[in-house]
Amino acid sequence: VVAGWSMVAARQGAAPVPVADPDTRSADEFFGLDRLHAIHLTFSRENFDTMLPSGPSGRGFQFGADDSGYPKVTAALAFGDRPWGTVTVRYKGNSSFRSAPSELKRSLKIDFDKPDKSRSFFGLETLNLNNNAMDASQMREALAYDVFRRAGVAAPRTAFVRVYITVPGRYDHEYAGLFTAIEQIDQRFFRDRWGERVGVLVKPERLSGMPDLGDDWAAYESRYSSKIDAK
């Protein structure tokens, strides 16, 4: 241990990677193009099987469905060599889910404040782990966000994460692959960038332009995939 940092070696002969304490360090120390972390998720067999989407043919995205139709389950998370606690996990993505190279390397969304609302991970409530399914370089998304930030756009920060998965009787600390960790755009993100919360945050998909649906906000919430209760 050096100045509060432990050295954790990922498998496959990789060099040790410095790992900070998620409970005491900030997001500034998690994100960075030069940051490579290791996360180990342990699921029960039932929970792992439950994660598959309920849409037609189990192919992922369902327009208008809550959380894109991906069931949420709990898992035990370890960061590097340190058990951290229970988190809530679900799959994410559309084409990235269908193009995943294996059942282990599917994009994930992790909620650190569920089921325990008092906890955060490097000050984060949520983290996205994208599987770079259509990017042989495994760097395109991280570099693109970096270009936007350098241009003055308030784009999410990134890091790289080696993900390992355990499912008793099926996988034992199995290496799932290299993922890109993407900062969640949420109220914490807005407070960090502008010092205040926002009232409306939408993620419109499969829309032709920005259709006018009238004066009632309720008509927009599903079509525009509202992420914040604007009432």
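Below is a short write-up of the structure. Keep in mind that this is a model prediction, so the values were computed, not measured. (Residues numbered from 1 in each chain as written. Predicted model: local features only at pLDDT ≥ 70, side-chain atom pairs only at ≥ 80, totals over all residues. Heavy atoms only, no water.)

### Concerning the overall build of the protein
And then number 1: Helix and strand counts for the protein stand at five helices and nine strands.
And then number 2: Secondary structure elements of the protein occur, N-terminal to C-terminal, as β-β-β-α-β-β-α-β-β-α-β-β-α-α.
And then number 3: Here the protein holds 231 residues, and the buried ones make up 43% of them.
And then number 4: Across the protein, every contact between residues at least 6 apart in sequence was considered, and the portion connecting residues at least 24 apart equals 57%.
And then number 5: Only carbon and sulfur atoms are counted for the fraction: they give 51% of the accessible area of the protein, which is about 12100 Å². (Helix = DSSP H or I, 4+ residues; strand = E, 2+ residues; numbered from the N terminus. Buried < 20%, exposed > 50% of the residue type's maximum accessible area, 1.4 Å probe, protein only. Contact = heavy atoms within 4.5 Å. Areas by Shrake-Rupley, 256 points an atom, 1.4 Å probe, with all protein chains shown as cover.)

### Quick look at the pattern of salt bridges
And then number 1: Applying the stated criterion across every chain, the model contains 13 salt bridges.
And then number 2: A salt bridge links Asp113 to Lys114; its shortest N-O distance comes to 3.7 Å.
And then number 3: Measuring nitrogen to oxygen at the nearest pair gives 3.9 Å for the salt bridge that ties Asp186 to Arg188. (Salt bridge = Lys/Arg side-chain N within 4 Å of Asp/Glu carboxyl O.)

### Considering the sheet that holds strand β5 (residues 82-91)
And then number 1: Spatially, the seven strands close up into a barrel ordered β3-β4-β5-β6-β7-β9-β8, and their pairing is mixed. Each neighbouring strand pair of the sheet contributes to a mean axis angle of 40°, computed without reference to strand direction.
And then number 2: Sheet analysis places strand β8 (residues 158-167) next to strand β9 (residues 171-183), joined by nine bridges and oriented antiparallel. In the sheet register, Ala159 faces β9, and the bridge partner there is Ala181. (Pairing = 2+ DSSP bridges. Axes fitted to C-alpha atoms, helices over the stretch in contact; angles between N-to-C directions.)

### Focus: the pairing of β5
And then number 1: Examined bridge by bridge, strand β4 (residues 73-79) and β5 share seven bridges and lie antiparallel to one another. Along β5, the bridge assignment pairs Ala75 with Val87.
And then number 2: Counting the residues in the hairpin turn of β4 and β5 gives two residues, including Gly80, whose phi is positive at 65°.

### Side note on helix α4 (residues 187-194)
And then number 1: All of the buried residues along α4 are Gln187, Arg188, Phe189 and Phe190.
And then number 2: Where α4 is buried, its residues contact β9.
And then number 3: At the N-terminal end of α4, a side-chain oxygen is found 3.2 Å from the backbone nitrogen of Arg188, two or three residues along, and the residue is Asp186.
And then number 4: Two residues or fewer after α4 comes Gly195, characterised by a positive phi angle close to 75°. (Polar contact = N/O pair within 3.5 Å; in protein donor to acceptor, adjacent residues only side chain to side chain.)

### Considering the nonpolar core
And then number 1: Formed by 37 residues in total, the largest nonpolar core has its most connected members in Phe30, Leu41, Phe43, Phe48, Leu77, Val89 and Leu129.
And then number 2: Breaking this core down by element, the ones donating at least two residues are β3 (36-42), β4, β5, β6 (108-111), β7 (126-130), β8 and β9.
And then number 3: Examining the composition of this core, we find that five residues originate from one element, β8, more than from any other.
And then number 4: Ignoring any residue separated from it by four or fewer positions in sequence, one finds Phe30 in contact with Arg35, His37, Phe79, Phe121, Phe122, Leu127, Ala159, Val161 and Ala181. (Core = buried A, V, L, I, M, F, W, Y, C linked by side-chain atoms within 4.5 Å.)

### Overview of the packing of aromatic side chains
And then number 1: One pass over the full model with this rule turns up 20 aromatic pairs.
And then number 2: For the pair Phe30 and Phe122, a centre-to-centre distance of 5.2 Å together with 50° between the ring planes defines the contact as tilted. Placement of Phe30 in the loop between β2 (16-19) and β3 and of Phe122 in the loop between β6 and β7 is noted, with a sequence separation of 92 residues between them. Exposure class is identical for Phe30 and Phe122. Each is buried.
And then number 3: For the pair Phe190 and Trp194, a centre-to-centre distance of 5.8 Å together with 25° between the ring planes defines the contact as stacked. On the criterion of helical spacing, the pair formed by Phe190 and Trp194 is a turn pair, its members being four residues apart in helix α4.
And then number 4: The exposure class of Phe190 is buried, given its relative accessible area of 10%. (Phe/Tyr/Trp six-rings, centres within 6.5 Å; stacked < 30°, edge-to-face > 60°.)

Spatial relationships are all this shows, so hold off on functional conclusions.
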